[in-house]
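Summary of the model geometry
Here are the chains, one letter per residue:
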Amino acid sequence: MKRSAAILAFLCLSLFAARPAMAQSILRDAETEALLADMSREIIIAAGLSPTNVRVVLVNDQSINAFVAGGQIVYIHSGLLDAADSANEVQGVIAHEIGHIVGGHAVFQNDGGYTNISILSLLLGAAAMAAGAGEAGTGILMMGQRAALGKYLAFSRIQESSADAAGVRFINGAGISGKGMLSFFDKLTAQMHRYGFYSTNPEVDPFAQTHPMSADRVQTLKADLQAAPAWGKPSDPKIELRFKRVQAKLRGYVSEPEKTMRLYPASDQSAPAHYARAYAYHKSGYPEQAAAETSALVKTAPDDPYFLELEGQILLESGRPAEAIAPLREATRRSNNQPLIAATFGHALLATEDKANLAEAEQVLRTAVSRDKENPFAWMQLGTVYERKGDEPRTALATAERAHLMGDIRTALVSARSAMANLPQGSTDWVRAQDIAMVSQTAMEEQKRKRR
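So, a few notes on the structure that sits alongside this text. For clarity, every value in this text was computed on a predicted model and none was experimentally measured.

1. Things to note about unusual backbone geometry
Positive phi outside glycine occurs at N336, with the angle close to 60°. Relative to the elements of secondary structure, N336 occurs in the loop between α14 (321-334) and α15 (339-351). Given a relative accessible area of 55%, N336 falls into the exposed group. If you check the backbone angles, E353 has positive phi at about 55° while not being a glycine. For E353, the location among the structural elements is in the loop between α15 and α16 (358-371).

Quick look at the structure:
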């Protein structure tokens, strides 16, 4: 890890540059998103915000970092989840970042461009890995450790201290122990020492740094956190168990299989270990071993929708879509039609190439995009449904939706105009196509102005 990794810590101790070609991906997974929503809900409420409006989004970047980019979205790096010892530590991070949201501390402004969404729940699906991010994800185009080579922006010391104080209020107000917040500060302090961030030059004034030093911040916050009634309160055991599952799943997905197998050897028969090894085997091209790990998970909890989802995904991506339908249908039902899981189910129905499954696939996918419009993979599958039905106008509209999410302005404009030309004027679909066409046209004109 480079020295800059210590600076690019979770409290936005980073310098960000505009390098769209080097942008990170958003990782989307039903289980992970549900966990992040549940573990942040009380903090959000304590901050006076609505849980329905605040989102916590996972970014595929192994540096230890989190940030806000305007609006009410907290971006958490996968490296931070990997480094955390508990869900409570991540809650401390989230509380701090919500402090930035409440304080109106936008790190940077969106200047357009492209980024990617990787659908974690689809494992190695090439189409999903190439799917494009929606409007909510474009903020990270200017962000990241690997892009820190050009135009730099950073939070001021005052903003960081303000977010610290607000984070303490929100953690305490939520009745959550602040031990995790302090222990994660300790990790950052140790990392900064390790990579030489602290200067031994007596002429360097630490208060002239862009941010207060982590060790100083710990001392400032410790008294307020320790005085709170929740200081000695144990972390929610159910949340912590779910965190270990998600952490293992993430490690299996993003890490090299060899590393995963070292962390979770065959002797470890826990649910997180089965999760991690299933991903590692699948990535390595061992479908039988991956299926065995998944089968072990399902046996422990036959009704768990996420275990059933994984079982279906591995069957699907191993070229056995017909066998994947049953577990994915059950996972969709038991998750109350969770859109990401439903999109995978719809994909499996289409992958059978059985016309008898087309009607169900359409129903499932229409429901998925109605509940999660920022899922380009689902729009691509729905477009395939319409194409097979010979419905050219709605094929064009689905293509426009996907292109709009991916930032492919030209394709979005052309497809939206094609849809408008063949849909009943004034219909719901026609109005949506018109909206996409207008937004895309405006974006193209803006691009032309910038080139001049």
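Next comes the rest of the account.
2. A closer look at helix α2 (residues 30-46)
Over its 17 residues, α2 runs 25 Å from end to end, which matches the ideal 24 Å to within 8%, given 1.5 Å per residue. Maximal helix bending in α2 amounts to about 45°, located at S40. All of the buried residues along α2 are A30, E31, T32, L35, L36, M39, S40, I43 and I44. Trailing α2 by a residue or two, G48 shows a phi angle of about 80°, which is positive.

3. So, the side chain of R28
Looking at the element boundaries, R28 is found in strand β1 (residues 25-28). Accessibility expressed as a relative area gives 8% for R28, which makes it buried. A polar side-chain atom of R28 sits 2.8 Å from a polar atom in the side chain of E33. A polar contact is formed between the side chain of R28 and the backbone oxygen of E374, at a distance of 3.3 Å.

4. Here's the deal with helix α11 (residues 271-284)
Every α-helix winds through 3.6 residues per turn, so residues three or four apart in the chain are directed the same way. Along its 14 residues, α11 runs 20 Å from first to last C-alpha, staying within 8% of the 20 Å computed at 1.5 Å per residue. With 10 of its 14 residues buried, α11 lies for the most part within the structure. Among all positions of α11, only P272, A273, H274, Y275, A276, R277, A278, Y279, A280 and H282 are buried. Of the surrounding elements, those touching the buried residues of α11 are α2, α9 (237-254), α10 (257-263), α12 (287-300) and α13 (305-317). Count one or two residues on from α11 and you reach G285, which has phi positive near 85°.

Rules behind the numbers
Residues numbered from 1 in each chain as written. Predicted model: local features only at pLDDT ≥ 70, side-chain atom pairs only at ≥ 80, totals over all residues. Heavy atoms only, no water. Helix = DSSP H or I, 4+ residues; strand = E, 2+ residues; numbered from the N terminus. Buried < 20%, exposed > 50% of the residue type's maximum accessible area, 1.4 Å probe, protein only. Expected span 1.5 Å × (residues − 1). Bend = angle between axes of the 7 residues up to and from the residue. Polar contact = N/O pair within 3.5 Å; in protein donor to acceptor, adjacent residues only side chain to side chain. Contact = heavy atoms within 4.5 Å.

Everything listed is a geometric property; what it means functionally is a separate question.
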